[in-house]
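# Notes for the structure review
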Amino acid sequence: MPFKEPFILGPFSVDAEGRLSPAHQGVSPGFSVRWRGRVVHARLGQTDGRDGHLHLRSSLGRIPSSASDPVTRAACFTMVRSLLGALPRDWGARLLPDHQPQLEVESTVTLPITVRNLVVELTLFLLVLSPYLDLMDEAGVRLVASSSGQTPIAS
(Lines give C-alpha, C1' and ligand atoms only; values in the text may rest on other atoms or scores of the structure.)
Protein backbone atom coordinates (compact mmCIF):
# COMPACT_ATOMS: atom_id res chain seq x y z
CA MET A 1 0.00 0.00 0.00
CA PRO A 2 1.65 3.26 -1.08
CA PHE A 3 1.95 6.16 1.33
CA LYS A 4 0.31 9.47 0.48
CA GLU A 5 3.50 11.49 0.90
CA PRO A 6 7.07 11.15 2.15
CA PHE A 7 7.50 11.36 5.92
CA ILE A 8 10.21 11.26 8.60
CA LEU A 9 10.46 8.17 10.79
CA GLY A 10 13.11 8.71 13.45
CA PRO A 11 16.41 9.27 11.63
CA PHE A 12 15.02 7.98 8.31
CA SER A 13 13.09 9.63 5.50
CA VAL A 14 10.45 7.27 4.10
CA ASP A 15 9.31 7.87 0.53
CA ALA A 16 5.89 7.15 -1.01
CA GLU A 17 6.92 3.53 -1.76
CA GLY A 18 8.21 2.92 1.80
CA ARG A 19 11.92 3.10 0.94
CA LEU A 20 14.41 4.47 3.49
CA SER A 21 17.12 7.08 3.20
CA PRO A 22 18.89 9.34 5.71
CA ALA A 23 16.52 12.12 6.86
CA HIS A 24 19.28 14.72 7.23
CA GLN A 25 22.44 15.36 5.22
CA GLY A 26 25.61 14.53 7.14
CA VAL A 27 23.80 12.30 9.66
CA SER A 28 24.05 8.53 9.25
CA PRO A 29 20.94 6.94 10.73
CA GLY A 30 21.35 3.56 12.29
CA PHE A 31 20.00 0.87 14.49
CA SER A 32 21.30 -1.98 16.61
CA VAL A 33 20.23 -5.58 17.02
CA ARG A 34 21.42 -8.35 19.30
CA TRP A 35 22.65 -11.54 17.63
CA ARG A 36 23.82 -14.47 19.73
CA GLY A 37 24.44 -12.22 22.73
CA ARG A 38 26.44 -9.61 20.76
CA VAL A 39 25.28 -6.17 19.71
CA VAL A 40 25.43 -5.56 15.96
CA HIS A 41 25.33 -1.94 14.78
CA ALA A 42 24.11 -0.86 11.35
CA ARG A 43 24.54 2.65 9.88
CA LEU A 44 23.15 3.89 6.60
CA GLY A 45 25.09 6.68 4.93
CA GLN A 46 24.65 8.63 1.74
CA THR A 47 27.31 9.46 -0.78
CA ASP A 48 26.69 11.34 -4.03
CA GLY A 49 23.55 10.71 -6.03
CA ARG A 50 21.67 7.48 -5.40
CA ASP A 51 24.67 5.60 -4.02
CA GLY A 52 24.84 5.02 -0.31
CA HIS A 53 26.70 2.75 2.05
CA LEU A 54 25.69 0.36 4.78
CA HIS A 55 28.24 -0.01 7.57
CA LEU A 56 27.80 -3.10 9.78
CA ARG A 57 29.92 -3.90 12.84
CA SER A 58 29.83 -6.36 15.67
CA SER A 59 31.85 -6.95 18.78
CA LEU A 60 32.86 -10.58 19.19
CA GLY A 61 32.88 -10.32 22.98
CA ARG A 62 35.68 -9.43 25.37
CA ILE A 63 39.00 -11.20 25.88
CA PRO A 64 39.46 -12.03 29.57
CA SER A 65 42.14 -10.26 31.58
CA SER A 66 45.45 -11.93 32.34
CA ALA A 67 44.69 -11.58 36.06
CA SER A 68 41.51 -13.64 35.85
CA ASP A 69 42.44 -16.30 33.27
CA PRO A 70 45.89 -16.08 31.59
CA VAL A 71 45.55 -19.38 29.70
CA THR A 72 42.20 -18.47 28.15
CA ARG A 73 43.49 -14.98 27.37
CA ALA A 74 46.42 -16.41 25.40
CA ALA A 75 44.07 -18.78 23.54
CA CYS A 76 41.75 -15.89 22.68
CA PHE A 77 44.56 -13.77 21.26
CA THR A 78 45.79 -16.75 19.21
CA MET A 79 42.28 -17.23 17.85
CA VAL A 80 41.94 -13.52 16.98
CA ARG A 81 45.27 -13.58 15.10
CA SER A 82 44.15 -16.68 13.16
CA LEU A 83 40.83 -15.09 12.43
CA LEU A 84 42.42 -12.15 10.62
CA GLY A 85 43.64 -14.39 7.81
CA ALA A 86 40.27 -16.10 7.38
CA LEU A 87 38.03 -13.04 7.05
CA PRO A 88 36.26 -12.26 3.79
CA ARG A 89 38.30 -9.86 1.67
CA ASP A 90 36.07 -6.83 2.26
CA TRP A 91 35.75 -7.30 6.04
CA GLY A 92 37.86 -5.46 8.58
CA ALA A 93 38.87 -6.36 12.11
CA ARG A 94 40.26 -4.41 15.02
CA LEU A 95 40.89 -4.84 18.71
CA LEU A 96 39.29 -2.14 20.85
CA PRO A 97 41.18 -0.71 23.88
CA ASP A 98 38.97 -2.75 26.25
CA HIS A 99 40.06 -5.95 24.42
CA GLN A 100 36.91 -6.45 22.42
CA PRO A 101 37.65 -7.88 18.97
CA GLN A 102 35.34 -6.22 16.43
CA LEU A 103 34.43 -7.14 12.87
CA GLU A 104 33.03 -4.69 10.34
CA VAL A 105 32.08 -4.43 6.70
CA GLU A 106 30.80 -1.64 4.51
CA SER A 107 28.79 -2.27 1.37
CA THR A 108 27.42 -0.02 -1.32
CA VAL A 109 23.63 0.19 -1.50
CA THR A 110 21.21 2.12 -3.68
CA LEU A 111 19.26 4.79 -1.82
CA PRO A 112 16.51 4.96 -1.01
CA ILE A 113 16.66 1.32 0.14
CA THR A 114 13.68 -0.92 0.75
CA VAL A 115 13.28 -2.40 4.21
CA ARG A 116 13.44 -5.83 2.56
CA ASN A 117 16.86 -5.09 1.01
CA LEU A 118 18.12 -3.63 4.29
CA VAL A 119 17.06 -6.77 6.17
CA VAL A 120 18.68 -8.97 3.49
CA GLU A 121 22.01 -7.12 3.86
CA LEU A 122 21.88 -7.44 7.65
CA THR A 123 20.90 -11.11 7.50
CA LEU A 124 23.77 -11.95 5.14
CA PHE A 125 26.19 -10.26 7.56
CA LEU A 126 24.77 -12.23 10.50
CA LEU A 127 25.00 -15.54 8.65
CA VAL A 128 28.64 -14.96 7.66
CA LEU A 129 29.41 -13.71 11.20
CA SER A 130 28.09 -16.85 12.94
CA PRO A 131 31.09 -19.18 12.38
CA TYR A 132 33.43 -16.50 13.76
CA LEU A 133 31.24 -16.24 16.85
CA ASP A 134 31.46 -20.02 17.23
CA LEU A 135 35.26 -19.81 17.15
CA MET A 136 35.32 -16.97 19.68
CA ASP A 137 32.98 -18.90 21.99
CA GLU A 138 35.23 -21.97 21.80
CA ALA A 139 38.33 -19.89 22.54
CA GLY A 140 36.75 -18.38 25.65
CA VAL A 141 35.90 -14.85 24.53
CA ARG A 142 33.27 -13.63 26.96
CA LEU A 143 30.03 -11.86 26.14
CA VAL A 144 29.92 -8.18 27.05
CA ALA A 145 27.16 -7.35 29.51
CA SER A 146 24.84 -4.54 28.50
CA SER A 147 25.07 -1.59 30.87
CA SER A 148 21.31 -1.00 30.84
CA GLY A 149 20.25 -4.61 30.51
CA GLN A 150 18.30 -3.66 27.38
CA THR A 151 19.24 -3.85 23.73
CA PRO A 152 18.80 -0.68 21.69
CA ILE A 153 16.79 -1.23 18.53
CA ALA A 154 17.26 2.17 16.91
CA SER A 155 19.48 5.20 17.19
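Up top is the structure.
What comes next is a walk through the structure. Being a predicted model, the structure only gives us computed values, none of them experimental.

## Thoughts on the sheet that holds strand β8 (residues 101–110)
- An order of β4-β5-β6-β8-β7 is seen for the 5 strands of this open sheet, with the pairing classed as antiparallel. Whereas interior strands pair on both sides, the edge strands pair on one side only; in this sheet they are β4 (30–35) and β7 (91–95). Taking the axes of each pair of neighbouring strands and ignoring which way they run, one obtains an average angle of 20° across the sheet.
- Here 5 bridges tie β7 to β8, and the two strands are oriented antiparallel to one another. Counterpart to Leu95 in the pairing with β8 is Pro101.
- Here helix α2 (residues 115–139) sits on the sheet and contacts β4, β5 (38–46), β6 (51–59), β7 and β8; the angle it forms with β6, its principal contact strand, is near 25°.

## Structural notes on a nonpolar patch on the surface
- The grouping of Val120, Leu124 and Leu127 at the surface amounts to a nonpolar patch, some 280 Å² of accessible area in total.
- Checked against the element boundaries, Val120 lands in helix α2.
- Residue classification places Val120 among the partly exposed positions, given a relative accessible area of 40%.

## Re the sheet that holds strand β3 (residues 20–22)
- Strands sit in the order β1-β2-β3 across an open sheet of 3 strands; the sheet is antiparallel. Looking at strand neighbours, the two that pair on one side only are β1 (7–9) and β3, the edges of this open sheet. Sheet twist, expressed as the average angle between the axes of neighbouring strands with direction ignored, equals 40°.
- For strand β2 (residues 12–14) and β3, the ladder comprises 3 bridges, and the chain directions are antiparallel. Following the sheet pairing, Ser13 is matched in β3 by Ser21.

Reading the values: the criteria
Within any chain, residue numbers begin from 1 and follow the written order of that chain's sequence. Given that this is a predicted model, residues contribute local features only at a pLDDT of at least 70 and side-chain atom pairs are listed and counted only at 80 or more, while totals for whole chains, interfaces and linings are drawn from all residues. With hydrogens and water set aside, each side-chain value is computed from the structure's full complement of heavy atoms. A strand pair is defined by DSSP finding two or more bridges across the two strands. Put simply, DSSP H or I for four residues or longer makes a helix, DSSP E for two residues or longer makes a strand, and each gets a number counted from the N terminus. Lines fitted to C-alpha atoms define the axes here, with helix axes fitted over just the stretch in contact, and angles between the N-to-C directions of these axes take values from 0 to 180 degrees. Contact criterion: two residues are considered in contact whenever any of their non-hydrogen atoms come within 4.5 Å of each other. The patches reported here contain residues having more than 30% relative accessible area and no salt bridge. Joining distances are 9 Å for like charges and 5 Å for nonpolar side chains (Val, Leu, Ile, Met, Phe, Trp, Tyr). Each accessible area value is a Shrake-Rupley result obtained with a 1.4 Å probe; residue values ignore everything except the protein chains displayed when judging cover. Any carboxyl oxygen of Asp or Glu that lies within 4 Å of a side-chain nitrogen of Lys or Arg is treated as forming a salt bridge with it. Exposure is judged per residue with a 1.4 Å probe applied to protein chains only, and the accessible area is read against the type maximum: over 50% gives exposed, under 20% gives buried, and values in between give partly exposed.

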